[in-house]
Amino acid sequence: MFNRKFISIAITIAGTLAFLTLSSSVLAQNAESAEAAGYKGADRQQHLIDGGKKEGEVMIYTSIQPTDFSEVKAAFEKKYGVKVKVWRSSSENILQRAVAEGRAQRYDVDAIETSGPELESLHREKMLQEVKSPYLDDLIAQAIPPHHEWAGTRLDVFTFAYNTKLVKQEELPKTYEDLLDPKWKGRLGIEANDSDWFASVVGELGEAKGVKLFRDIVATNGVSVRKGHSLLMNMVASGEVPMALDIYNYKAEQLKQQGIPVDWFTINPAVAAPQAIGVLRHAPHPNAAVLFFDFMLTDGQAILQTHNFVMTSKKMATDLNAMPLKFVDSKVVLDENKKWDKLFDEIFTKQSK
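All values reported here derive from a predicted model rather than from experimental measurement. (Residues numbered from 1 in each chain as written. Predicted model: local features only at pLDDT ≥ 70, side-chain atom pairs only at ≥ 80, totals over all residues. Heavy atoms only, no water.)

Draft legend 1. Inspection of the overall build of the protein chain at higher detail. A tally of regular secondary structure across the protein chain gives 14 helices and twelve strands. The principal-axis extent of the C-alpha atoms belonging to the protein chain is close to 85 × 55 × 35 Å. Taking all 353 residues of the protein chain together, the buried fraction comes to 50%. Taking the intrachain contacts of the protein chain between residues at least 6 apart in sequence as the baseline, contacts between residues at least 24 apart amount to 79%. Element-wise, carbon and sulfur atoms account for 54% of the exposed surface of the protein chain, whose accessible area totals about 16500 Å². (Helix = DSSP H or I, 4+ residues; strand = E, 2+ residues; numbered from the N terminus. Buried < 20%, exposed > 50% of the residue type's maximum accessible area, 1.4 Å probe, protein only. Contact = heavy atoms within 4.5 Å. Areas by Shrake-Rupley, 256 points an atom, 1.4 Å probe, with all protein chains shown as cover.)

See the structure below:
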């Protein structure tokens, strides 16, 4: 009896000590991340470089395609001598993994570069650390949320894309109402998961009017629903879908520059979805994480602009970031997603022709 009681007490004490040790480690990690993110001394840059080199590496979760991110990775490693480890997936998978790891107190990731709504979810989970970066002043105002725990690095601007062999420039619609014209019957396509784009367009048109308009467009001319922007863009290029309503502009521009018969245009205001970066509150390599955060607001802007992305830095002027833009509202995406997913499914997916 005594031995069993003694063993039980020992196990309890060991568990308590292990918990206290883990909690102490987590608190120390949190303090290190806050110190690096909040440092504003005159030697800030060198302070981060020295700290980043000691840490030796930085772990990034990103949604950027490998062909686009590889140049960013190589440039950062060359400039700072800090190895970049990458895990790439969809924004939804990144959010799920980060939240699961955070709740399990497994802190592997340093910074996340993905869509704004997913980073806003991480803010709500209290997983992000505000970075006092001097380069935030270079960004357009819409790129920085009030809490400053993430920063928009680039914009996915939703544009129409069309096959120039099948659609003449003079017949392009100037308003969404123009899509009611019977000439568009069997010629339109849309991406299967763009309820955020849909909510933004309908919000601009007026909800009742916008919902009715899209119901009428689908009833009159049909809309082909395809999963994945790359797939939909390729179908435009092949001519299977003559015109798509919601293609990321950089995908269309990349193919256009390759000599493929496609082009793109917008009906203003164009809808823009921010892609952003945030540093984790428990980043295991906090100096390298903040250094990478700064890099994405500076050198990374110039690099990704050469890949036809629309950047958020005011120093990276393009025709697109100079035109009227309506930004996807992260609050609407997070708090009203069931409503807009249901409407999108009812109007487009279930009626797809």
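Structure shown, so let's carry the discussion forward.
Draft legend 2. Geometry of helix α6 (residues 195-205). Of all the residues in α6, the buried ones are S195, W197, F198, A199, S200, V201 and V202. In the stretch just after α6, G206 is the one whose phi turns positive, near 105 degrees.

Draft legend 3. Region of the structure containing helix α2 (residues 44-55). For α2, with twelve residues, the first-to-last C-alpha span of 16 Å sits near the 16 Å given by 1.5 Å per residue. One or two residues past the end of α2 sits G56, with phi positive at roughly 85 degrees. (Expected span 1.5 Å × (residues − 1).)

Draft legend 4. Region of interest: the layout of surface pockets. Counted as a void, the largest pocket has a volume near 1300 Å³. Residue lining of the largest pocket: 50 residues in total, with S91, E92, N193, D196 and Y248 positioned closest to the centre. (1 Å grid on protein atoms, 1.4 Å probe; cavity = no way out; pocket = protein on both sides within 12 Å on 5 of 7 lines; lining within 4 Å. Points joined across faces, edges and corners; volume = space filled by probe spheres on them.)

Draft legend 5. Representation of the confidence of the model for the protein chain in the model. Per-chain confidence: the protein chain averages 90 in pLDDT, with 90% of residues scoring 70 or above. Below a pLDDT of 50 lies the segment residues 18-25, which in the model reaches one contact outside its immediate sequence neighbourhood of four places, other chains included. (pLDDT = per-residue confidence, 0-100.)

Draft legend 6. Summary view of empty space enclosed by the protein. Counting across every chain of the model gives one cavity of 30 Å³ or more. In this model, the largest cavity occupies a volume close to 50 Å³. Every residue along the wall of the largest cavity is listed here: F158, T159, F160, Y176, W197, L245, T266, I267, P269, A270 and V271. Those elements that provide at least two residues to the lining of the largest cavity are β5 (151-163) and β10 (270-280). Counting residues per element, the lining of the largest cavity draws most heavily on β5, at three residues. Considering only residue class, the lining of the largest cavity consists of nine nonpolar, two polar and no charged. (Nonpolar A, V, L, I, M, F, W, Y, C, P; charged D, E, K, R; others polar.)

Draft legend 7. The packing of aromatic side chains, seen in detail. The tally for this structure, following the rule as stated, stands at 20 aromatic pairs. With centroids separated by 6.3 Å and ring planes inclined at 75 degrees, the aromatic side chains of Y80 and F295 adopt a geometry described as edge-to-face. Here F295 lies in helix α10 (residues 286-297) and Y80 lies in helix α3 (residues 66-80), a separation of 215 residues in the sequence. Given the relative accessible area of 6%, Y80 is considered buried. Look at F344 and F348: their rings are 4.9 Å apart centre to centre, the planes differ by 45 degrees, and that puts the pair in the tilted class. In terms of burial, F344 and F348 fall into one category: buried. Grouped by ring-pair contacts, the aromatic residues F160, Y162, Y176, W197, F198, F214, F265, W340, F344 and F348 constitute a single cluster. (Phe/Tyr/Trp six-rings, centres within 6.5 Å; stacked < 30°, edge-to-face > 60°.)

Draft legend 8. Focus on the nonpolar core. Core analysis: the largest hydrophobic core is formed by 95 residues, its most contacted members being W197, F198, F214 and F348. Top contributing element to this core by residue count: α10, with nine residues. With residues up to four places along the chain from it excluded, the contact list for F214 reads Y176, W197, F198, V201, V202, L205, L245, I347 and F348. By size, the runner-up hydrophobic cluster in this structure holds twelve residues, among which are L232, V236, V241 and I247. (Core = buried A, V, L, I, M, F, W, Y, C linked by side-chain atoms within 4.5 Å.)

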